[in-house]
Amino acid sequence: MLLAAGGVALAAGVGFGLAARQAETGLSRGNAGCTGEGEAFRACFTQRLREGQRQARTANVLMGTGALLGAGGAVFFVWELP
């Protein structure tokens, strides 16, 4: 059970990590999908930047949780071997 939950958390973490990477690539290339000039552009760019940061943070939390659950499941599995 712990191993399965860890695997799901790791998979979700990888998904969020890929989304954050895609956002980072778009921002670094200047293709954030923002139009306009001045304050409107800065507001859009800031929103996209914060969204990417949130995705990266979520990916890190999910991958850490998945690693802990997976390690706990492995220890429990080894502990219960006859």
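Located above this text is the structure these notes cover.
If you're wondering where the values come from, they're calculated on a predicted model, not measured in any experiment.

How do you make sense of the packing of helix α1 (residues 2–28) against helix α2 (residues 38–79) when you look at a structure like this?
For any two helices packed against each other, the geometry comes down to the angle between their axes and how far apart the axes lie. One can describe the packing of α1 onto α2 by two numbers: an axis separation of 7 Å at closest approach and a directional angle of 155°. Taken together, the axes of α1 and α2 lie roughly antiparallel to each other. Both α1 and α2 take part in a crossing whose hand is left-handed. For the contact of α1 with α2, the per-class residue count stands at 21 nonpolar, 11 polar and one charged.

Would you mind showing me how to read the pattern of salt bridges here?
Throughout the structure, instances matching the rule amount to two salt bridges. Ionic pairing is found between R42 and E39, a salt bridge with its closest N-O pair at 3.3 Å. Residue R42 and its partner E39 are located together in helix α2, separated by three residues, close to a single helical turn. R42 gets classed as partly exposed once you look at its relative accessible area, which sits at 49%.

The rules behind the values
- Every chain's residues receive numbers from 1 upward, in the order its sequence appears when written.
- Local features in this predicted model are restricted to residues of pLDDT 70 or higher, and side-chain atom pairs are both shown and tallied only at a pLDDT of 80 or more, whereas totals for entire chains, interfaces and linings draw on every residue.
- With hydrogens and water set aside, each side-chain value is computed from the structure's full complement of heavy atoms.
- Working convention: axes come from line fits to C-alpha atoms, limited for helices to the stretch in contact. Angles between N-to-C directions cover 0 to 180 degrees.
- Secondary structure is summarised from DSSP: a helix means a run of H or I of at least four residues, a strand means a run of E of at least two, and numbering begins at the N terminus for each.
- Roughly parallel refers to an angle under 35 degrees, roughly antiparallel to one over 145, roughly perpendicular to one between 65 and 115, and oblique to any angle outside these ranges.
- By convention, the crossing between two helices is left-handed when the near helix turns anticlockwise from the far helix through less than a right angle, and right-handed when the turn is clockwise.
- Polar here means any residue outside two lists: the nonpolar Ala, Val, Leu, Ile, Met, Phe, Trp, Tyr, Cys and Pro, and the charged Asp, Glu, Lys and Arg; Gly therefore counts as polar.
- A carboxyl oxygen of Asp or Glu within 4 Å of a side-chain nitrogen of Lys or Arg is what we treat as a salt bridge.
- Relative accessibility under 20% of the residue-type maximum defines a buried residue, over 50% an exposed one, and the middle range a partly exposed one, all with a 1.4 Å probe and only protein chains included.

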